[in-house]
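Working through the structure, step by step
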Amino acid sequence: MRLTDSAPPRRTERRRRAAPVLAAVLPALLILPTSVTGSGVALPAIGRETGAPLAALQWVVHGYNLTFAGALLACGSLADLWGRRRVFGGGAALFTVASTMSAAAQDILQLDAARALAGLGAAALLTSGSSLIGETFEGRARSRAFGAVGITTGAGLALGAMAAGAVTDLLGWRAFFLLHAALMALVWCAVPLLPRGGTAGRAARGRRPAGRGDTRDSRPIGVDRAGTATFSGGLLLLMLAAVEGPQRGWGSVGVLGLLAGSVLLLAAFVQVERRVRHPMLDLRLLRNRQFTALCLIPVVVSFSFVLLLPLLPNYLLVANGSSSREAGSTMLLMTLPILAAPVAATRLLRRGLTPRSVFGLSLLCLTAGVAWLAAVLEPGVSPGALAAPLITLGFGLGLNFGLVDGAVLDVVAPEAMGAAAGFLNTLRLGSEALAIAAASAALVNLVRNNLDAGLARFPSYDGTSRDLANSVGAGDLSGPLSGLPAAARPDFAAWVTHGLTDAWQTVLRASAVVCAVLSVAIYVLLGGRPTEAGSRADQASQSE
């Protein structure tokens, strides 16, 4: 009887907590995607002002992605330990400060460092924000909340490239980062409205208080410093190898050393997590086939959709002669469908499709979209020709947006929500960082190889094929053209853009193969016998 009588107050308390959680978390999740898409669009302008080489310029994106991905697991554990509200507020403050530093940077090294700092803040915001929603909502309300997360994040992706192009063209790239700082400062002001855990003080002193609401127990714990160091270090070395491999050669001593160091550190991470009393990642989670499959879905997204966000605008700048604003507007073909697709996913679930079927359709769209793009890409390609593959990619991502996050939290125990959200987002951001870094490096290497043989046709060009590939990779063809006689420029531009297009087609085809293999594996894993939690997730999704 006591349980029945207490149910209405608990529901009232959840409704009271829901509004401030959504008011703080959703705007933050709107801002974070624009930092990925927008910085890629702003790179050519940054390069022109700072005169930075491509290797340093790319770390405006890579540095943010690396620290974002590397800190997610640690931030997920800290959210469980210190409280989601505290970690969310710290992340908002750090992101605001780092974005201000980015706007004020005097050289590329300062900008790269500030962007890396912003990635740490983004990691704290994403993991704690997902956990706040997970602990505040249950059942169908949680499905609706994560549906809102998907639409909000999709809006950030949809508007990020266009907004960055417009702001950069009108006010300069510094205004783009300053706008981020101003918007995140408003999010930080909403942190006091978030529900405060009743036992946060004990958590701060190193004990996990009991209670499902804060998803912490009464055992004394500490931060998994060894796990954090080995994982972040292994990811850093792996990403450095992905960037430097095509430049120095995969067989060079330096690159082999980076790969070996990455393997050793990641192996050490596994051993640490098996032995430490309170790991930041409980490896037993990976025994859950549904959890593993769901966490692999963002990897397919990284190798199909995400790698295009910072790189395709640069192709359009070179091959089409587009402005930053025009390139950003073209990217809307890929990002706007994300806003409508979650609604379509909900309707499909209501009509009886299983979550596995919806995820399968999403994976099919992503794989087909990237292969389709490889087939239509050519110099001077029109937005009409790009529309079908880009819309297919956007729709494919939108079908699983939010749905994956909610499903992952449904197949793990409540006390593991923070770690589960951290692992999901680590794979998401880690694969994004590696996919973008590997694709960037591969494109430069392929372009250089394509241009090597024909460079002798243009003796008036005084640079090397590496210099030319680096400039084109940064979205800048005007610099190399400026040193040529006017009569040679059309032929030179056509030669470069065809070499660039050939490189892009190779990368896109390879990405399609990776996506196809992963998609089959994910679909098979999702077809296994569901866990009890997984059955609850299916029921909640279908009842939505």
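Residues numbered from 1 in each chain as written. Predicted model: local features only at pLDDT ≥ 70, side-chain atom pairs only at ≥ 80, totals over all residues. Heavy atoms only, no water.

**A short note on the overall build of the protein chain**
Condition: Only DSSP runs of H or I with at least four residues qualify as helices, and only runs of E with at least two residues qualify as strands; both kinds are numbered from the N terminus onward. Here's how the labels work: a residue is buried when its accessible area is under 20% of the maximum for its type, exposed when over 50%, partly exposed in between, all with a 1.4 Å probe on protein chains only. Contacts are residue-level and defined by heavy atoms, with any inter-residue pair within 4.5 Å sufficient. For every accessible area listed, the method is Shrake-Rupley and the probe measures 1.4 Å; residues are considered covered only by the protein chains on display.
Across its full length, the protein chain holds 22 helices and zero strands. Put simply, the protein chain has 544 residues, and 57% of those count as buried. Taking as baseline every contact in the protein chain between residues at least 6 positions apart, the subset at least 24 positions apart corresponds to 81%. Element-wise, carbon and sulfur atoms account for 63% of the exposed surface of the protein chain, whose accessible area totals about 21300 Å².

**Notes on the pattern of salt bridges**
Proximity of charged atoms lets side chains of opposite charge pair with each other. Threshold: Each salt bridge in this description consists of a side-chain nitrogen of Lys or Arg and a carboxyl oxygen of Asp or Glu lying within 4 Å of one another.
Applying the stated criterion across every chain, the model contains one salt bridge. Residue Arg-174 pairs with Glu-49 through a salt bridge whose shortest N-O separation is 2.9 Å. Of this pair, Arg-174 sits in helix H7 (residues 173-190) while Glu-49 sits in helix H1 (residues 2-50); the two residues are 125 residues apart in sequence, bridging distant segments of the chain. Arg-174 sits in the partly exposed class, given a relative accessible area of 24%.

**Examining a nonpolar patch on the surface**
Let me state the cut-off plainly: Only residues whose relative accessible area exceeds 30% and that take part in no salt bridge are eligible for patches, with like-charged residues grouped when within 9 Å of each other and nonpolar side chains (Val, Leu, Ile, Met, Phe, Trp, Tyr) grouped when within 5 Å.
On the surface, a nonpolar cluster with roughly 270 Å² of combined accessible area is contributed by Ile-151, Leu-336, Leu-339 and Val-343. Summarising the element assignment, Ile-151 is placed in helix H6 (residues 139-171).

**Concerning the packing of helix H13 (residues 324-335) against helix H14 (residues 337-350)**
For clarity, the cut-off: Axes here refer to lines fitted to C-alpha atoms; in helices the fit is confined to the stretch in contact. Angles between the N-to-C directions go from 0 to 180 degrees. What sets the label is the angle itself: under 35 degrees gives roughly parallel, over 145 gives roughly antiparallel, 65 to 115 gives roughly perpendicular, and the rest give oblique. Charged means Asp, Glu, Lys or Arg here, nonpolar means Ala, Val, Leu, Ile, Met, Phe, Trp, Tyr, Cys or Pro, and polar covers whatever is left, Gly included.
Contact pair H13 / H14: the axes reach a minimum separation of 7 Å and the direction vectors enclose 10°. If you check the angle between H13 and H14, you find them roughly parallel. Where H13 approaches H14, its residues Leu-332, Leu-333, Met-334 and Thr-335 are matched on the opposing element by Pro-337, Ile-338 and Leu-339. Grouping the amino acids of the contact of H13 with H14 by side-chain chemistry returns six nonpolar, one polar and no charged.

**Regarding the confidence of the model for the protein chain**
Close reading of the predicted structure is inappropriate where its pLDDT is low. Counted only if it meets this: Scored from 0 to 100, pLDDT records how confident the predictor is in each individual residue.
In the predicted model, the protein chain carries a mean pLDDT of 81, and 88% of its residues have values of at least 70. Here residues 198-220 is modelled with pLDDT under 50, and outside its nearest four sequence neighbours on either side it reaches 49 contacts, counting other chains as well. Low confidence marks residues 530-544, where pLDDT is under 50. Its contacts with residues over four positions away, or in another chain, come to 31 contacts.

**Observations regarding helix H17 (residues 403-410)**
Counting buried residues along H17, eight of its eight residues qualify, which places the element largely inside the surrounding structure. All buried positions along H17 are accounted for by Leu-403, Val-404, Asp-405, Gly-406, Ala-407, Val-408, Leu-409 and Asp-410.

**Focus on the side chain of Ser-39**
This is how the line gets drawn: Here a polar contact is taken to be a pair of N or O atoms separated by no more than 3.5 Å, where protein atoms must pair a possible hydrogen donor with a possible acceptor and residues adjacent in sequence count only if both atoms sit in side chains.
Along the polypeptide, Ser-39 turns up in helix H1. For Ser-39, the side chain forms a polar contact with the main-chain oxygen of Ser-35, separated by 2.8 Å. Excluding residues within four positions of it along the chain, Ser-39 makes contact with Thr-34, Val-60, Val-61, Arg-115 and Phe-176.

**What about a positive patch on the surface?**
Definition in use: A positive count includes Lys and Arg, and a negative count includes Asp and Glu. His and the chain ends are not counted in either. Where a charge sits is defined by one atom per residue type, namely NZ (Lys), CZ (Arg), CG (Asp) or CD (Glu).
Together, Arg-140, Arg-144, Arg-347, Arg-350 and Arg-351 make up a region of like positive charge exposed at the surface. Checked against the element boundaries, Arg-144 lands in helix H6. A relative accessible area of 48% means that Arg-144 is categorised as partly exposed.

**Here's the deal with the packing of aromatic side chains**
As a reminder of what qualifies: Any pair of Phe, Tyr and Trp rings, taking the six-membered ring for Trp, is counted once the centres come within 6.5 Å. Such a pair is stacked with planes under 30 degrees apart, edge-to-face with planes over 60 apart, and tilted for the rest. Put simply, a charge is over a ring when the Lys NZ or the Arg CZ is close to the ring centre, within 6 Å, and near the line of the ring normal, within 35 degrees.
This model, assessed by the stated rule, comprises nine aromatic pairs. Note on Phe-176 and Phe-177: the rings are 5.3 Å apart at their centroids and 65° apart in plane angle, and the pair reads as edge-to-face. Phe-177 carries the same exposure label as Phe-176, and that label is buried. Each member of the aromatic cluster is reached from another via a ring pair, and the members are Phe-458, Tyr-461, Phe-492 and Trp-495. Stacked on the ring of Tyr-64, the Lys or Arg Arg-115 has its end atom at 4.4 Å from the ring centre. One residue, Arg-356, lies across the ring of Tyr-523, its end atom 3.7 Å from the ring centre.

**Quick word on the side chain of Ser-304**
Summarising the element assignment, Ser-304 is placed in helix H11 (residues 289-306). The class for Ser-304 is buried, based on a relative accessible area of 0%. Among the polar contacts made by the side chain of Ser-304, one reaches the main-chain carbonyl oxygen of Val-300 at a distance of 2.7 Å. Contacts of Ser-304, omitting those with residues within four sequence positions, involve Leu-366, Val-370, Leu-393 and Cys-515.

**Quick notes on the environment of Pro-313**
When you line up the elements, Pro-313 lands in helix H12 (residues 308-319). Exposure remark for Pro-313: the relative accessible area of 1% places this residue in the buried category. The spacing of Pro-313 and Gly-475 is 162 residues in sequence and 7.8 Å in space, taken between C-alpha atoms.

**Points about the nonpolar core**
Spelled out, the test is: Here the nonpolar core consists of buried residues drawn from Ala, Val, Leu, Ile, Met, Phe, Trp, Tyr and Cys, with membership extended through side-chain atoms lying within 4.5 Å.
Membership of the largest hydrophobic core comes to 159 residues, with the highest contact counts inside it found for Leu-32, Ile-46, Phe-88, Phe-305, Phe-492 and Trp-504. Apart from the residues within four sequence positions on either side, Ile-46 is in contact with Gly-51, Leu-57, Val-60, Ile-108, Leu-111, Trp-173 and Phe-177.

**A few points about helix H2 (residues 54-70)**
Where we set the bar: Working rule for helices: expected span equals 1.5 Å times residues minus one. The seven residues ending at a residue and the seven starting there each receive a fitted axis; the angle between those axes is the bend at that residue.
Given a rise of 1.5 Å per residue, 17 residues ought to cover 24 Å, and the 23 Å separating the end C-alpha atoms of H2 matches this to within 8%. The largest bend in H2 amounts to roughly 40° and is located at Val-60.

**Digging into the packing of helix H15 (residues 355-376) against helix H16 (residues 383-400)**
The geometry of a pair of packed helices is captured by two quantities: the angle between their axes and the separation between those axes. Rule in force here: Take the far helix as the reference: if the near one is turned anticlockwise from it by less than a right angle, the crossing is left-handed, and if turned clockwise, right-handed.
H16 packs onto H15 with a crossing angle of 155° between their chain directions and a minimal axis gap of 8 Å. Of the possible angle classes, the one that applies to H15 and H16 is roughly antiparallel. Crossing of H15 over H16 shows left-handed handedness. Residue-level inspection shows Val-358, Phe-359, Leu-361, Ser-362, Cys-365, Leu-366, Gly-369, Val-370, Trp-372, Leu-373 and Val-376 of H15 in contact with H16, the latter providing Ala-385, Leu-386, Ala-388, Pro-389, Leu-390, Thr-392, Leu-393, Phe-395, Gly-396, Leu-397, Leu-399 and Asn-400.

**Examining the environment of Gly-499**
One can find Gly-499 in helix H21 (residues 489-526). Each C-alpha atom of the pair Gly-499 and Asn-449 lies 8.8 Å from the other, and the pair is 50 residues apart in sequence. If near-sequence neighbours (up to four positions away) are discounted, Gly-499 is found in contact with Val-447, Asn-450 and Leu-451.

**Things to note about the environment of Asp-410**
Structurally, Asp-410 can be placed in helix H17. Here the alpha-carbon distance between Asp-410 and Gly-139, two residues 271 residues apart in the chain, equals 8.9 Å.

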